[in-house]
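# Observations on the three-dimensional arrangement
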Amino acid sequence: MGSFARRIVGSLALASALAPVPDARAAEGGLSFYVEGQAVPLGGIVPPPGLYFDSTTYFYSAKIGGNRQTQIGGNVIADAKVNLVADFVTALWVTPVNVLGGDLAFAFVMPFGEPAVRAGVLVNGPLVNQLVGRPVGIGVSDRDFNPGDPIVSATLGWHSGNWHWKLAGVLSIPAGAYEPGQLSNVALNRYIGDISAAATYLDPVHGYELSAAAGFTVNGTNPSTRYNTGDEFHIDVSASKYLSKEVSVGVIASHYQQLTGDSGPGARLGPFKGRTTAVGGTIGVTGEFGKIPVTARIKVLREVEVENRFQGTIGFFQVSFPLWVAPPKAAPEPRPLATKS
């Protein structure tokens, strides 16, 4: 890999190895573990061995109107709006270990956020019991800063010329500050597994990038609400152009489809299978602070053709940089030619 490509993938390490995963979105709450557009650009790249840091701020402003209902925290609500700001702090360790010819990497993500949820109509659920003496059908709102569920991942990445591809497994552990019966939670309070594959073509000479990433999400049961979210499929694609070594622009398209319906005693609205497509763009800027390459990236996507989900605008603001990168292996010294005396 050339110096230009190494600089790009090093400073964008976490974007290519593990995207942030925000709070629950037809899935319980009309939302999902996976967020559209999070895996691209550079989705198939695992950076050189080293330790990397990433902070991604996630913005989501959406609503589910037209008297349509959804469930959050065991509550059945309608005409709901959500405004979420959350930060996902990620540490990525790309080990020097090779497995099946691929680079092995591990990541840890810790989310924090403050979802602001307002429902025009509260139909049923735990909040009704808290509002003793008040009629069902009133408007309610909830806003609270709280930590989400920790997330761990393992990745194997391969490289061949301008081609890069990887396999990744992600596990969300229900250990966050989940408040049963409330609307404002970053934690999902259920085990979630996600398996994905991604590939990237990166031409460092002409500055073109093409990426695709697809995966499946398997959801456990939320014991507090007894709600079992169905399994899901997601796919992201991107195309970017590097205008210079420092600046890139690109387009992103994403599709989410729930494959199996929701179930369990807590699924009061039935299977509630959801889908959505989102389209948008991205701009990335790379610079050096001291001798450390730092990349800032903005992504904005708009959800379209939505079914049984909130519909709105997604935003990411990401800052990534390496804490330590292993020096390249020195080339072996040439062996002297043996001569006969």
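Treat the numbers as computed from the prediction; the structure is a model and nothing was measured. (Residues numbered from 1 in each chain as written. Predicted model: local features only at pLDDT ≥ 70, side-chain atom pairs only at ≥ 80, totals over all residues. Heavy atoms only, no water.)

## Comments concerning the confidence of the model for the protein chain
Caution is warranted with low-pLDDT regions, since their predicted coordinates should not be read in detail. Where we set the bar: pLDDT measures the predictor's confidence residue by residue and takes values from 0 up to 100. Any two residues whose heavy atoms approach within 4.5 Å at even a single point are treated as in contact.
Looking at the protein chain as a whole, its pLDDT mean stands at 86, while 85% of the residues score no less than 70. Counted against residues more than four places away or in other chains, residues 1-7, with its pLDDT under 50, gives 14 contacts. Low confidence marks residues 18-25, where pLDDT is under 50. Its contacts with residues over four positions away, or in another chain, come to 46 contacts.

## Observations concerning the pattern of salt bridges
We apply this condition: What makes a salt bridge here is a side-chain nitrogen of Lys or Arg within 4 Å of a carboxyl oxygen of Asp or Glu, nothing more. Comment: elements are numbered from the N terminus, with helices defined as DSSP H or I runs of at least four residues and strands as E runs of at least two. Partly exposed residues are those whose accessible area sits between 20% and 50% of the maximum for their type, while under 20% is buried and over 50% is exposed, using a 1.4 Å probe and protein chains only.
Scanning the model with the defined rule gives four salt bridges in all. Here Arg275 ties to Glu307 by a salt bridge, and the two come within 3.1 Å at their closest N and O atoms. Of the two residues, Arg275 is situated in strand 14 (residues 275-289) and Glu307 in strand 15 (residues 292-307); the sequence distance between them amounts to 32 residues. Ionic pairing is found between Arg309 and Glu303, a salt bridge with its closest N-O pair at 3.8 Å. Summarising the burial analysis for this pair, Arg309 and Glu303 share the class buried. Look at the salt bridges and you will find they share partners, linking Glu36, Glu303 and Arg309 into a network.

## Observations concerning a nonpolar patch on the surface
Threshold: Residues enter patches when their relative accessible area tops 30% and they take part in no salt bridge; the joining distance is 9 Å for like charges and 5 Å for the nonpolar side chains Val, Leu, Ile, Met, Phe, Trp and Tyr. Accessible areas in this description were obtained via Shrake-Rupley with a 1.4 Å probe; residue shielding takes into account the shown protein chains only.
A cluster of nonpolar side chains, contributed by Phe59, Val85, Leu243, Val249, Ile283, Val285, Ile298, Val300 and Phe317, occupies part of the molecular surface with about 720 Å² of accessible area. Taken together, the elements giving at least two residues each to the nonpolar patch come down to strand 14 and strand 15. Looking at the element boundaries, Val300 is found in strand 15. You can call Val300 partly exposed: its relative accessible area is 43%.

## Remarks on the packing of aromatic side chains
Heads up, the condition is: Only rings of Phe, Tyr and Trp enter the pairing, Trp through its six-membered ring, and a pair is recorded when the two centres are within 6.5 Å. The plane angle decides the type: under 30 degrees is stacked, over 60 is edge-to-face, the rest tilted. Put simply, a charge is over a ring when the Lys NZ or the Arg CZ is close to the ring centre, within 6 Å, and near the line of the ring normal, within 35 degrees.
As enumerated under the stated definition, the model contains six aromatic pairs in all. Summarising the aromatic geometry, the rings of Phe216 and Phe233 are spaced 5.3 Å apart at their centres and angled 50° between planes, so their arrangement reads as tilted. Note that Phe216 is positioned in strand 9 (residues 208-219) and Phe233 in strand 12 (residues 232-242), a separation of 17 residues in sequence. We classify Phe233 as partly exposed; its relative accessible area is 21%. Here a set of aromatic residues connected by ring pairs shows up, and it is made of Tyr58, Tyr60 and Phe316. For Lys241, the ring lying beneath its charged end belongs to Tyr208, and the centroid distance is 4.3 Å. The ring of Phe316 has Lys299 lying over it, and the distance from NZ or CZ to the ring centre is 4.8 Å.

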